[in-house]
Amino acid sequence: MTHNLIRKLLIIGLCSLFSAAVTAQTFIFTAIPDEDETKLVERFRGIADYLSEELDADVKYIPVKSYAAAVSAFRNNQVQLAWFGGLSGVQARSLVPGSQAIAQGTEDQAFYVYFIAHESTGLDRQDSLPEDVRGKTFTFGSKGSTSGRLIPEYLIRETFGEAPEDVFSRVGYSGNHTRTLRLVESGTYEVGAMNFAVWEKELENGNIDTDAVKVIWKTPGFPNYQWSIRGDVDENYGEGFTDRVREALLSLDDPELLESFPRSDFIPASNDDYEPIRKVAKEIGIID
Amino acid sequence: MLSYPTVRTSLIFLAIALVGLLFADIAITANNPWRDLGNFFLGVLTPNFFSSEGLLTALLRTVAFAFVGVTVGGVCGFFLALVYRFLPVRVFCAFIRAIHELFWALIFLQFFGFHPLTGVLAIAIPYSGIFAKVYSEILEEADPEPGRLLPPGTGTIAAFLYTRIPDCWVQLRTYTAYRLECGLRSSAILGFVGLPTLGFYLETSFSQGMYSDAGAMLILFYVLIATIPLWVRPKLLPVYIVGAPFFLGDGLPIVWGNVERFFTEDIVPSPLRDGEGLAGLLPWLNELMIEQALPGIWNTVVLTQIALVATGILTLLAFPLISNHFGGPIRRTSGHIFLVIARSTPEYILAYILLQLWGPSMLPAVVALALHNGGIIGHLIGRQTNTIRLRSDAPKGFNRYSWELVPRIYRSFLAFLFYRWEIIMRETAILGILGIYTLGFYVDSAIQSIRFDQAMVLILITAMLNIGVDILGRYIRRKLALQTMPTC
């Protein structure tokens, strides 16, 4: 025990020597890793530059490896702002009193999930989840994703009255939407569920082999992504800082930056907008 | 043959693994696994060293975390070794080393976040436990004679430093150097959970199919490990040890309130937190056991047993590659390179690569564990056969292998294998993070859904399982009178 303590003190001493570089006044944000990291880094560095200029403050983006890491960083006040999915936003805001959703994309008011299938399944597009997906292999996105996990799982349970593990012969978690697309495209999984916006963007960029994979169902809409900010930001960064961040995000009109999300523009959001997500998450037991 | 206890034990383990295979999920689900594997090897052959701006920094961080972690672990482990004879110390050490570095990292990430301390402690804590055990074993073996010759009144510390340490100095040094190599591997994989080491970039390039970038990183990592004897010199060590803490990066500042919250709220089982008391605790535990812990334990055990036997088989196939008794220098050199690559690649990275290529099932995990551990044991056994002198008229080829060499090395082969049993299980559990349904899968799921109370219980169960296997392994080694060596 004593050694343990000595060890800790020793390292803390060592670390304090060189941990001062990130000053308390740097405004740091993160985002859930829902797509290929290279794209995210490019997109959010652009946002960081934009916010730095608009807010006249030092703004920095840090990439994380999991949805939970984004939520934890927000909760632990290591980041003050985050681009969350519906579910991760609900989780994060319930852990940080006073935090609020301040902006969402226009598309996030009614967001969709695409169920996609490999051509070998012979499945065609329908108006509901095809009964024939039973017994196929299936991949979600990340375990903490709204469009990659929460909504598809909810709809699978609603359609079949069973857990996904019982409906499909194999259930995996690809990690993010781009991976889901690639895994179904290559046939590693026969069916998958992913964020419609990622699909549309990849399709537009010519990155999808449409002979190998197609959309078999477009789900009903639900609220999704949003910018959430901690409640103590005004206290630490000056009165009215939250409003300035909101203002900056809402007035973002750089077409290239918006296209990278892809969102047409950002509109105001509130915590109540995500009540449906909280209910669904509670119903299938992802949150308590 | 069946009258030999070693043969009987081997056959029992073989039978368990075969039965395990019936229940295991072994499949290649990728549509075109060979094309992907081909692309991967093409990537390794056409490495792109200039892809990521962060590559060199990542290498530097990997080395820095390894040095700080192993140094802190080594110092603490040494002091713990001095009091290792006390049962509570032994239990404490067994416990901290039963939890994998990645699990420690996942725990510290929740309250220290992306601060260098997370990575340092994730390596230092389990390594302290391992160092304590092995150092104490080495110190125990020291010749007691010099101590008896000291004049009466010699101080305990002086006696220790002048009689025991010199006698074991070489072993202590060898083992510490070996651990440093392990530390580099551990440090690299910490990147997979978000620390700024090699794994961070490796994960990024792999998941996006940028195999040339990934190939470059792997090659740099092999070179780093293979050249350890060149750049880790006794005279340079103080420089590295003093300098390393300055190269861990800044990370993000620690908010100390989070630490308190983690221990007083987050990991308290939710029924207790919500004031339901003990009445709510039992159903909570019950559900956790049935839905997560038991399937996790079952898959972990099945996979461990299959991987253990696969490791054994691979070892027996691989050791002739570097043995003087077979083949010429070219074959031995290529054998050496193969085994060095197999053992230098962390299982986690191997499993990650194979999972990407073959699709999810237990197969990539079995192959990864067998390659890595088989590489390590094969190397040791191969070297051991080089000390065996055969008669000049000894049989050649397969007969030499099966009638001369295997019987001679079989006992130490089993000793190494049972020694690594616990290590294989530790790794098996952690591979769950990659999506195989072992205990790590459920730990990761709990963390992803911000249920640290469940994650902690599952990590504790994983630790208990490891300690159990460790005890069983030692019992079997004692029963079979197998000699163990700490440097494995």
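Quantities reported herein were computed from a predicted structural model and do not represent experimental measurements.

So, how was this worked out
Residues numbered from 1 in each chain as written. Chains lettered and ligands numbered in written order. Predicted model: local features only at pLDDT ≥ 70, side-chain atom pairs only at ≥ 80, totals over all residues. Heavy atoms only, no water. Helix = DSSP H or I, 4+ residues; strand = E, 2+ residues; numbered from the N terminus. Rg over C-alpha atoms; globule rule 2.2 N^0.38 Å. Buried < 20%, exposed > 50% of the residue type's maximum accessible area, 1.4 Å probe, protein only. Contact = heavy atoms within 4.5 Å. Areas by Shrake-Rupley, 256 points an atom, 1.4 Å probe, with all protein chains shown as cover. Lys, Arg positive; Asp, Glu negative; His and termini not counted. Charge placed at Lys NZ, Arg CZ, Asp CG, Glu CD. Pairing = 2+ DSSP bridges. Axes fitted to C-alpha atoms, helices over the stretch in contact; angles between N-to-C directions. Core = buried A, V, L, I, M, F, W, Y, C linked by side-chain atoms within 4.5 Å. Domains from an automatic or database assignment. Buried area = accessible area lost by both parts, 1.4 Å probe. Salt bridge = Lys/Arg side-chain N within 4 Å of Asp/Glu carboxyl O. Polar contact = N/O pair within 3.5 Å; in protein donor to acceptor, adjacent residues only side chain to side chain. Nonpolar A, V, L, I, M, F, W, Y, C, P; charged D, E, K, R; others polar. Patch = residues over 30% accessible without salt bridge, like charges linked within 9 Å, V, L, I, M, F, W, Y side chains within 5 Å. Phe/Tyr/Trp six-rings, centres within 6.5 Å; stacked < 30°, edge-to-face > 60°. Lys NZ or Arg CZ within 6 Å of the ring centre and 35° of its normal. pLDDT = per-residue confidence, 0-100.

Our focus in this paragraph is the overall build of chain A. In terms of helices and strands, chain A carries 12 helices and 11 strands. Its C-alpha atoms give chain A a radius of gyration of 20 Å, within 12% of the compact-globule value 19 Å for 288 residues. The dimensions of chain A, computed from C-alpha atoms along their principal axes, are 60 × 55 × 35 Å. Across the 288 residues of chain A, 60% fall into the buried class. By sequence separation, contacts in chain A at least 24 residues apart represent 79% of the contacts at least 6 residues apart. Total accessible area on chain A stands at roughly 11,200 Å², and carbon and sulfur atoms take up 47% of it. The averaged location of the 45 negative side-chain charges in chain A is 8 Å from the averaged location of its 28 positive side-chain charges.

Along chain B, the regular secondary structure elements total 21 helices and 0 strands. Radius of gyration (C-alpha) of chain B: 23 Å, near the 23 Å computed for a compact globule of 488 residues. Each of the three principal axes of chain B carries a C-alpha extent, and together these read 75 × 75 × 50 Å. In chain B, buried positions account for 59% of the 488 residues. Counted over contacts in chain B with a minimum sequence separation of 6, partners at least 24 positions apart contribute 80%. Side chains of chain B carry 33 positive and 29 negative charges; the gap between the two charge centres is 15 Å.

Attention shifts here to the sheet that holds strand E5 (residues 113-118) of chain A. Residue and element names in this part refer to chain A. Across the sheet, 5 strands lie side by side as E7-E6-E8-E5-E9; this open sheet has mixed pairing. Each end of this open sheet is capped by a strand with a single partner; those strands are strand E7 (170-173) and strand E9 (213-218). Taken over all neighbouring pairs, the strand axes of this sheet differ in orientation by 30 degrees on average, direction set aside. With 2 bridges connecting them, strand E6 (residues 137-140) and strand E8 (residues 191-195) associate as parallel partners. Residue pairing in the sheet places Phe-138 in a bridge with Val-191 of E8. Against the sheet, helix H5 (residues 146-160) touches E5, E6, E7, E8 and E9, its axis set at about 130 degrees to E6.

Phe-29, Phe-44, Leu-51 and Trp-227 of chain A are the most contacted members of the largest nonpolar core, which totals 253 residues. Considering every element that reaches this core, the biggest residue donor is helix H19 (residues 397-431) of chain B, with 19 residues. When sequence neighbours within four positions are dropped, the list of residues in contact with Phe-29 of chain A reads Phe-44, Ile-47, Ala-48, Leu-51, Val-59, Lys-60, Tyr-61, Ile-62, Val-79, Leu-81 and Trp-227 of chain A. With 5 residues, the next largest nonpolar core counts Leu-80, Tyr-84, Cys-93 and Ala-132 of chain B among its residues.

Another point: the pairing of strand E3 (residues 81-84) of chain A. Each regular strand displays side chains that alternate between the two surfaces of the sheet. Residues and elements named next belong to chain A. Every second residue of E3 is oriented toward a common face, with Leu-81 and Trp-83 on one face and Ala-82 and Phe-84 on the other, all of them buried. Looking at chain direction, strand E1 (residues 27-31) and E3 are connected through 3 bridges and run parallel. The partner of Ala-31 across the bridge, within E3, is Trp-83. Inspection of the sheet shows E3 paired to strand E10 (residues 226-229) by 4 bridges, in the antiparallel sense. Bridge assignment links Trp-83 to a residue of E10, and that residue is Trp-227.

Here the focus is the domain arrangement of chain A. All names here are of chain A. One can read the domain layout of chain A as domain 1 (24-108 + 223-283) and domain 2 (112-218). Residue-level contacts link 22 residues of domain 1 with 18 residues of domain 2. Across the domain 1 to domain 2 interface the summed buried area is about 1,500 Å²; carbon plus sulfur atoms make up 56%. For the interface between domain 1 and domain 2, the tally reads 2 salt bridges. Ionic pairing is found between Lys-39 and Glu-202, a salt bridge with its closest N-O pair at 3.0 Å.

Residue and element names in this part refer to chain B. Each assigned domain of chain B is listed with its residue range as follows: domain 1 (1-31 + 289-488) and domain 2 (50-266). For domain 1 and domain 2, the distance between their C-alpha centres works out to 23 Å. With both chains or domains summed, domain 1 and domain 2 bury close to 3,300 Å², and 72% of this area falls on carbon and sulfur atoms. Viewed at the interface, domain 2 and domain 1 are joined by 3 salt bridges.

Here the focus is the interface of chain B and chain A. Much of the literature gives interface size as the accessible area that the parts lose upon coming together. Contact residues are listed per partner, giving 63 residues for chain B and 47 residues for chain A. Both faces combined, the contact of chain B with chain A buries some 4,500 Å², and carbon together with sulfur accounts for 56% of it. In this assembly, chain B and chain A are joined by 5 salt bridges. Residues Arg-75 of chain A and Asp-266 of chain B are paired through a salt bridge, measuring 2.8 Å at the closest nitrogen-oxygen approach. Where chain B touches chain A, the interface holds 25 residue pairs in polar contact (both at pLDDT 80 or more). Among the secondary structure elements, those contributing two or more residues to the side of chain B that touches chain A are helix H3 (55-82), helix H5 (101-111), helix H6 (116-141), helix H9 (198-207), helix H13 (256-266) and helix H20 (439-448) of chain B. The biggest single contributor to the side of chain B that touches chain A is H6 of chain B, with 7 residues. In terms of residue class, the side of chain B that touches chain A is made up of 35 nonpolar, 20 polar and 8 charged.

Glancing now at unusual backbone geometry. Of the consecutive residues Phe-261 of chain A and Pro-262 of chain A, the connecting peptide bond is found in the cis state with omega at -10 degrees. Mapped onto the elements, Pro-262 of chain A comes out in the loop between helix H11 (255-260) and strand E11 (266-268). The phi dihedral of Ile-450 of chain B is positive, around 55 degrees, even though this residue is not glycine. Counting through the fold element by element, Ile-450 of chain B comes out in the loop between H20 and helix H21 (452-479). Not every positive phi belongs to a glycine, and Ala-481 of chain B is a case in point at roughly 55 degrees.

All names here are of chain B. Together, Leu-2, Leu-11, Leu-14, Leu-18, Leu-21, Ile-26, Ile-313 and Leu-317 make up a nonpolar patch on the protein surface, roughly 710 Å² of accessible area in all. Taken together, the elements giving at least two residues each to the nonpolar patch come down to helix H1 (5-23) and helix H15 (277-318). Looking at which element gives the most residues to the nonpolar patch, the answer is H1, with 4 residues. Considering the arrangement of structural elements, one finds Ile-313 in helix H15.

This part takes up the side chain of Ser-186 of chain B. Tracing the backbone shows Ser-186 of chain B in helix H8 (residues 156-190). Once residues lying within four places of it in the same chain are set aside, the contact partners of Ser-186 of chain B are Glu-101, Ile-123 and Tyr-127 of chain B.

When we look at a pair of aromatic rings, we describe it by the centre distance and by the angle of the planes. This model, assessed by the stated rule, comprises 67 aromatic pairs over all chains. The positively charged end of Arg-43 of chain A is found above the aromatic ring belonging to Phe-261 of chain A, 4.8 Å away from the centroid.

It is worth spelling out the pattern of salt bridges at this point. Summed over the entire model, instances satisfying the criterion amount to 31 salt bridges over all chains. Members of the salt-bridge network, linked through shared partners, are Asp-36, Lys-39, Arg-182, Glu-185 and Glu-202 of chain A.

On average, residues of chain A carry a pLDDT of 90, and 92% of them reach 70 or more. Per-residue pLDDT stays below 50 along residues 12-23 of chain A; that stretch engages in 19 contacts with residues further than four places along the chain or on separate chains.

The residue Ser-66 of chain A is located in the loop between strand E2 (59-61) and helix H3 (67-75) in this model. Those residues in contact with Ser-66 of chain A, other than ones at most four positions away along the chain, are Pro-33 of chain A together with Gln-448 of chain B.

Looking now at the sheet that holds E10 of chain A. Residues and elements named next belong to chain A. Pairing is mixed across the open sheet formed by 6 strands, whose spatial order is E2-E1-E3-E10-E4-E11. With one partner strand each, in any of the chains shown, E2 and E11 form the two edges of the open sheet. On average, each strand axis in the sheet is inclined to that of its neighbour by 25 degrees, with strand direction left out of account. Pairing of strand E4 (residues 100-105) with E10, which is carried by 3 bridges, proceeds in the antiparallel orientation. If you follow Ala-103 over to E10, its bridge partner there is Trp-227. Taken strand by strand, H3 contacts E1, E3 and E10, and its axis lies near 155 degrees from that of E3.

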